[in-house]
Amino acid sequence: MSHDPSLSQLAAHFGIVPTYWDLSGNQQPTSRETTLALLRANGLKLETDQDIQQAARHLDAQAQARLLPPEIVCSPDEAVRLNLPTGTEWRVAVEGDAQPELAGRVEKILELPVLPFGLHILTLDTGASSQNVRLICAPRTAPTLPEIIGKERIWGVNAALYGFSSAHMPGLGNYAGLSEAGVSLATRGADFVGINPVHAIGWNSPEIISPYSPTHRGFLNSLHIAVEKITPRSQTSSDLISQWQSAEKTLATGYLVNYANHHEHHSRILSALFDDFIQLSTDQQKKAFQTFCNEAGSELRRFAQFEHLTEQFGSDWSRWPTQVSEIHPSALDVSNQSDRPLIFHAWLQWIADQQLQEAQANCRKSGMSLGLYLDLAVGARRDGAEAWCESQSIAEGVSVGAPPDHLSPEGQNWNLAALAPKKLAANNYRTFRNILRQSMRHCGVIRIDHV
């Protein structure tokens, strides 16, 4: 890295390492070009040396003015003691609707009560200024197997979900096949069944087949929906399913999956089944779906809007007209006809969520101590839904990849969007927390790719 002190200061603030070790074991400086690219990825507008110096002075002034660091990590088994100027007004917005706000005035030491798990916001007001501190209350260690299930050792099977085909539903494996496999393994003493990521691939992206190249990690892959399990179902939909089953059996060749054929027929059947839901479902079913939409909130609406827009403008949002970037903040209304194109994509998520939930429940009921072992991909496609929906947290102009190694001396570019640490922090880590929360909804253990 350059010896420019302002650039070094900025790099340190954003966690950019000044040196690295190459394949030959030699320590190399991080180049100025790379440093600037990563700083720009975090949202800094740096074109000239004056820009760099001004940004460094601005960050230094912000740091000098702070009473406390921007965030403090604590645990739920200890009180937090903080040195603050006497007379400082404080209040803590405790995460969770049921928690009351804490408030008071500092005498000399601010001693907060033990806080629950979560990310809480401490606001400090001196009269001259007001600032926020993120209080991240987290366990000291991850739970161990004995603490969770009372066993020191367990065994299970890792497999590819897309290979869980069967005689009655050949082609791409589905969530019902996962449930059947899990129950079968449970009867043989297995404690988990692990699979590849099941993140959303993209309704209008039939060319994408890798589970490690999703459009959004906070939503599920509708290609794994077991259509034969969906009700209500009209005769038309039943006939489509029967025809597809016959066609799949005819096209089946060994262990290969015909992705193009699956996508074409599966999508047509899902569209027909959605029409059945609109026309034939009971009030109770509609109410359950509306509850799902309400709980998923604006994140689901943004994702559904993206999926609908890909049908009009293509799967790469960077090629869309600029006027389609508006995102309505409200939840979805199942009874609103104007929302119907979005409701369809929300309905797909509801069905996938139900089937994955059922697979986990069946695994656990059959004796598995953990059940499903799911996989969180390292990133989502740069042209996909996550990069569009969560643009405020995405690093600009860079992508995730692998550094040079003996396999690939030039390194690898996976064309996956990267989350920018400082942008994430400014957003209270909402994007990553939501992705983790969704990924852990229906499993007993989760793997984070490349961690």
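Everything discussed here concerns the structure shown above.
Rules and cut-offs
Residues numbered from 1 in each chain as written. Predicted model: local features only at pLDDT ≥ 70, side-chain atom pairs only at ≥ 80, totals over all residues. Heavy atoms only, no water. Pairing = 2+ DSSP bridges. Helix = DSSP H or I, 4+ residues; strand = E, 2+ residues; numbered from the N terminus. Axes fitted to C-alpha atoms, helices over the stretch in contact; angles between N-to-C directions. Core = buried A, V, L, I, M, F, W, Y, C linked by side-chain atoms within 4.5 Å. Buried < 20%, exposed > 50% of the residue type's maximum accessible area, 1.4 Å probe, protein only. Contact = heavy atoms within 4.5 Å. Parallel < 35°, antiparallel > 145°, perpendicular 65-115°, else oblique. Left-handed = near helix turned anticlockwise from the far one by under 90°. Nonpolar A, V, L, I, M, F, W, Y, C, P; charged D, E, K, R; others polar. Phe/Tyr/Trp six-rings, centres within 6.5 Å; stacked < 30°, edge-to-face > 60°. Arc of directions from axis to C-beta. Polar contact = N/O pair within 3.5 Å; in protein donor to acceptor, adjacent residues only side chain to side chain. 1 Å grid on protein atoms, 1.4 Å probe; cavity = no way out; pocket = protein on both sides within 12 Å on 5 of 7 lines; lining within 4 Å. Points joined across faces, edges and corners; volume = space filled by probe spheres on them.

Student: Please give an account of the sheet that holds strand β3 (residues 71-74) that cites residues and values.
Tutor: With mixed pairing, the 5 strands of this open sheet are ordered in space as β3-β9-β8-β5-β6. Looking at strand neighbours, the two that pair on one side only are β3 and β6 (102-105), the edges of this open sheet. Across the sheet, the mean angle from the axis of one strand to that of its neighbour is 20°, orientation sign disregarded. As paired strands, β3 and strand β9 (residues 130-137) are joined by 4 bridges and run parallel to one another. Across the sheet, residue E71 finds its bridge partner in β9, namely R134.

Student: Pulling in residues and values, what's your account of the nonpolar core?
Tutor: In terms of nonpolar packing, the biggest core is built from 56 residues, with L178, F289, W347 and L372 touching the most fellow members. Contributions of two or more residues to this core are made by α5 (175-186), β13 (216-220), α6 (235-251), α7 (259-280), α8 (283-313), α9 (340-365), β14 (371-376) and α10 (385-389). Sort the elements by how many residues they give to this core and α9 lands first, with 12 residues. Beyond its immediate sequence surroundings of up to four residues, W347 is in contact with I230, L270, L273, F274, F277 and F289. Judged by nonpolar contacts, the second largest core, of 18 residues, contains L84, W90, V94 and L110.

Student: Account for the packing of helix α1 (residues 5-13) against helix α3 (residues 49-65), with residues named and values stated.
Tutor: Relative to each other, α1 and α3 sit at 50°, their axes nearing to 9 Å. Between α1 and α3, the crossing angle belongs to the class labelled oblique. Every pair of crossing elements has a handedness; the one defined by α1 and α3 is left-handed. Seen from α1, the contacting residues are S6, L7, Q9, L10 and H13; seen from α3, they are I52, Q53, A55, A56, L59 and D60. Per-class residue counts for the contact of α1 with α3 are 6 nonpolar, 4 polar and 1 charged.

Student: Give a description of the sheet that holds strand β10 (residues 156-158) that names residues and reports values.
Tutor: If you trace the 4 strands from one edge of the open sheet to the other, you get β10-β11-β14-β17, paired in parallel fashion. Two strands lie at the open edges of the sheet, namely β10 and β17 (445-448), each paired on one side alone. Averaged over all adjacent pairs, the angle separating strand axes in this sheet is 20°, with direction ignored. Pairing geometry for β10 and strand β11 (residues 192-194), over 3 bridges, is parallel. Paired with N158 across the bridge in β11 is G194. Packing of α9 onto the sheet brings it into contact with β11 and β14, and relative to β14 it is tilted by some 135°.

Student: If you had to explain the packing of aromatic side chains to someone new, which residues and values would you point to?
Tutor: Tallied over the full model, the rule gives 14 aromatic pairs. Judged by centre distance (5.2 Å) and plane angle (65°), the rings of F274 and F344 are edge-to-face. Note that F274 is positioned in helix α7 and F344 in helix α9, a separation of 70 residues in sequence. Residues F277 and F289 carry aromatic rings whose centres are separated by 5.5 Å and whose planes lie at 85° to one another, so their mutual orientation is edge-to-face. Remark: F289 occurs in helix α8 and F277 occurs in helix α7; sequence separation between them is 12 residues. Accessibility classification places F277 together with F289 in one group, the buried group. Among the aromatic residues, ring-to-ring pairing joins W203, F274, F277, F289, F344, W347 and W350 into one connected group.

Student: Quick rundown of α1? Include the residues and the values.
Tutor: Within α1, the full set of buried residues consists of S6, L7, L10 and A11. End-on view of α1: buried residues confined to an arc of 135°, all on one side of the axis. Among the exposed residues of α1, those oriented more than 90 degrees off its buried face are P5 and A12. Here α1 starts with a cap whose side-chain oxygen sits 3.0 Å from the backbone nitrogen of S6, and that cap is D4. Positive backbone phi, approximately 75°, marks G15, located one or two places after α1.

Student: Lay out the packing of α1 against helix α2 (residues 32-41) in plain terms, naming residues and giving numbers.
Tutor: Look at α1 against α2: their axes get within 10 Å of each other, and the N-to-C directions meet at 50°. Compared by their axis directions, α1 and α2 come out oblique. Considering only the axes of α1 and α2, their crossing is left-handed. Taken together, the residues of α2 that come into contact with α1 (itself represented by L7, L10 and A11) are R32, T35, L36 and L39. A class-by-class count of the residues in the contact of α1 with α2 yields 5 nonpolar, 1 polar and 1 charged.

Student: Any chance you could break down empty space enclosed by the protein for me, citing the residues and the numbers?
Tutor: Applying the stated rule across the entire model yields 5 cavities of 30 Å³ or more. Here the largest cavity defines a volume of roughly 100 Å³. With 3 residues, α9 is the largest single contributor of residues to the lining of the largest cavity. When its volume is computed, the second largest cavity comes out at roughly 90 Å³. Forming the walls of the second largest cavity are Y162, L172, N196, I201, I208, I209, P211, N221, L223, H224 and Y259.

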